[in-house]
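Per-entry structural report
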Amino acid sequence: MPVSHRHTIGINRRELLQVGYSGLLGLGMSSFARAGTKGAPPLARSKKPKSVLIVFLTGAASHHETFDPKPDAPPEIRGEYKAIQTQTPGLLASEHIPKLAARSKMYSIVRSLSHHDNNHLVATHHVLTGHMQPGAFFDKIASRDDFPNYAGGLSYHRSPPEGTPCGVNLPTYLMEGPLLWPGQYAGFLGPKHDIMQINHDPNRADFKVENLRPASGMDVTQMKDRMALLGAVNDQRKWLAEQSETKKITDQQQQAFAVLTSGRVAKAFDIDKEPAAVRDKYGRHSFGQSCLLARRLIEAGVPVVQANMGRVQNWDSHGGLFKRLKNDLLPPLDSAVSALLDDMSDRGLLEDTLVMMFGEFGREPKINKDGGREHWAPCFSGLFAGAGVRGGQVIGKSDKNAAYPTTTPYSPDDIGATVYTVLGVDPHAEVRDRLGRPVQLNRGHVIRPLFDGTSD
């Protein structure tokens, strides 16, 4: 089970207001303020805008027990699992992800991801924004000084169809006690660029997103009439709009209403409309149904969707690693993500959607005395598929213990540059922070071997 952090950081009203109301209310919406982008790299050229789907292994899965096993290493590094062949030459995988191993022609594995921070919060910000957290320190919680997540960065540059949020995060809000994980929102870009946050397990029989459903007995026409009346009342109270926090809530209410009345995205949450056979293939568990819901949202036009595989720090196994992975984590992940790749390919969605799977870092090569692995940021692996990614590749190599890259290391900044380029945004574009200062969105470089097959 995940190990709780001991810390002295509290949370006060100011911090809550900095993060915004979206996560705490369970419904954070985004509007898009600026159209177009400057100098989008050629990789982003497409007949239509591309999307991104992030399968996030919160807490950090072990690369040794997934896509970088070392069967010839000593037992204290090798671990308990057997390595199996995939359909890709040179790519071994854990015996407990056989479905993904059988589909390796659909994706590339990057084995040389690397950065320098072993703290969950700081590292999560890095991989989900493509930028180091400003003023980072151990367990630095989310604030409006953070860089925007990918949906927020996209929101700044491109408008979606009316009634479509710039992104959706599901099915959990990454928070433990007073620790609010950074990287989940638009940071210094402000609440108007925040994603929509879902806090309900789509595997539950009673799953629904109440904020996206009309009240009993009220149809959409009636709602529009009532919104007009509400608007008239609000016009008489302009002084409220001068209060910045009140304005934030109003923007989010208007966006939520737009989603509700447009219907397209709202219908995507009706997961019970999916055929039973499809739901069964994904797996009748939170992992599977979250991946299915993510596919439905991508299909409905949401440009960035993040499906968290479990609650915060779910993959943080400092003890009992092998039993937990074998019994609770790897089998449902294997069924969920393999079904997702199949389904998106069959529906023609993979062509224009970048699917990524990774955690915030990897796990230490040497197994500890409790049968677990500690945090390890110098080397970890990620899965990339779709949106022009060449399948059947192994990009980068680690050393004999999977401790350090022996080829070009790729940082979370490079993941960010790749994401923004796929989304049609110049990763080096200038944005403005909340004080109006110019800031470069990203400082990384596109992971070119994903798309052109060049060796590093």
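Here, the structure is the one placed above.
Residues numbered from 1 in each chain as written. Predicted model: local features only at pLDDT ≥ 70, side-chain atom pairs only at ≥ 80, totals over all residues. Heavy atoms only, no water.

**Structural notes on the packing of helix H6 (residues 150-157) against helix H14 (residues 412-422)**
- Running from N to C, H6 and H14 point in directions that differ by 40°, and their axes come no closer than 11 Å. In terms of their interaxial angle, H6 and H14 are classed as oblique. Seen from above, H6 lies across H14 with right-handed handedness. Where H6 abuts H14, its residues Tyr150, Gly153 and Leu154 lie against Pro412, Ile415, Gly416, Val419 and Tyr420.
- Of the residues in the contact of H6 with H14, the class split is 6 nonpolar, 2 polar and no charged. (Axes fitted to C-alpha atoms, helices over the stretch in contact; angles between N-to-C directions. Helix = DSSP H or I, 4+ residues; strand = E, 2+ residues; numbered from the N terminus. Parallel < 35°, antiparallel > 145°, perpendicular 65-115°, else oblique. Left-handed = near helix turned anticlockwise from the far one by under 90°. Contact = heavy atoms within 4.5 Å. Nonpolar A, V, L, I, M, F, W, Y, C, P; charged D, E, K, R; others polar.)

**A look at the packing of aromatic side chains**
- Applying the stated rule across the entire model yields 8 aromatic pairs.
- Relative to Phe322, the ring of Tyr81 has its centre 5.4 Å away and its plane inclined at 90°; by these criteria the two rings are edge-to-face. Of this pair, Tyr81 sits in the loop between helix H3 (75-78) and strand E2 (83-85) while Phe322 sits in helix H13 (residues 321-346), placing them 241 residues apart in sequence. This pair shows no difference in class: Tyr81 is buried, exactly as Phe322 is.
- Look at Trp376 and Tyr404: their rings are 5.7 Å apart centre to centre, the planes differ by 65°, and that puts the pair in the edge-to-face class. Of this pair, Trp376 sits in strand E12 (residues 375-376) while Tyr404 sits in the loop between strand E14 (393-395) and H14; the two residues are 28 residues apart in sequence, bridging distant segments of the chain.
- Assessed through its relative accessible area of 44%, Tyr404 is described here as partly exposed. (Phe/Tyr/Trp six-rings, centres within 6.5 Å; stacked < 30°, edge-to-face > 60°. Buried < 20%, exposed > 50% of the residue type's maximum accessible area, 1.4 Å probe, protein only.)

**Notes on the environment of Ile195**
- Mapped onto the elements of the fold, Ile195 is located in the loop between strand E7 (179-180) and strand E8 (196-197).
- For the pair Ile195 and Val305, spaced 110 residues apart in sequence, the C-alpha separation works out to 9.1 Å.

**Observations concerning unusual backbone geometry**
- Note that the residue after Leu170, namely Pro171, is joined by a cis bond; omega there is -15°.
- As for its placement among the helices and strands, Pro171 is situated in the loop between strand E5 (167-170) and strand E6 (175-176).
- Located in the positive-phi region is Asp139, a residue other than glycine, with phi close to 60°.
- Mapped onto the elements of the fold, Asp139 is located in the loop between helix H5 (120-129) and H6.
- Its relative accessible area of 0% is what places Asp139 among the buried residues.
- Within the chain, Gln313 stands out as a residue other than glycine whose phi angle is a positive 65°.
- Tracing the backbone through its elements, the reader meets Gln313 in the loop between strand E9 (304-308) and H13.
- The buried category is assigned to Gln313, whose relative accessible area is 0%.

**So, the packing of helix H12 (residues 286-299) against H13**
- Interhelical geometry of H12 versus H13 gives an angle of 25° and a closest axis separation of 8 Å. Considering their axes alone, H12 and H13 lie roughly parallel with respect to each other. For the crossing formed where H12 meets H13, the hand is right-handed. In contact with Phe287, Gly288, Cys291, Leu292, Arg295 and Ile298 of H12, H13 contributes Leu329, Pro332, Leu333, Ala336, Val337, Leu340, Asp343 and Met344.
- A per-class count over the contact of H12 with H13 returns 11 nonpolar, 1 polar and 2 charged.

**Here we look at the nonpolar core**
- With 56 residues, the main nonpolar core has Phe67, Leu297 and Trp315 as its most contacted residues.
- A per-element tally of this core places H13 first, with 12 residues.
- Val52, Phe56, Val110 and Ala417 belong to the second-largest nonpolar core, a separate cluster that totals 51 residues. (Core = buried A, V, L, I, M, F, W, Y, C linked by side-chain atoms within 4.5 Å.)

**Things to note about H12**
- Compared with an ideal rise of 1.5 Å per residue, which puts 14 residues at 20 Å, H12 spans 20 Å between its outermost C-alpha atoms and is within 8% of the ideal.
- Looking only at H12, the buried set comprises Phe287, Gly288, Gln289, Ser290, Cys291, Leu292, Leu293, Ala294, Arg295, Arg296, Leu297 and Ile298.
- Immediately beyond the C-terminal end of H12, within one or two residues, lies Gly301, with a positive phi of roughly 105°. (Expected span 1.5 Å × (residues − 1).)

**Concerning the pairing of strand E4 (residues 107-113)**
- Of all 7 residues making up E4, 7 are buried, and the element is well covered by its neighbours.
- With 5 bridges connecting them, E4 and strand E13 (residues 380-385) associate as antiparallel partners. Its bridge partner lying in E13, Val110 is registered against Gly382.
- In this sheet, E14 lies alongside E4 in parallel orientation, the contact comprising 3 bridges. In the strand pairing of E14, Ile109 is matched with Val394. (Pairing = 2+ DSSP bridges.)

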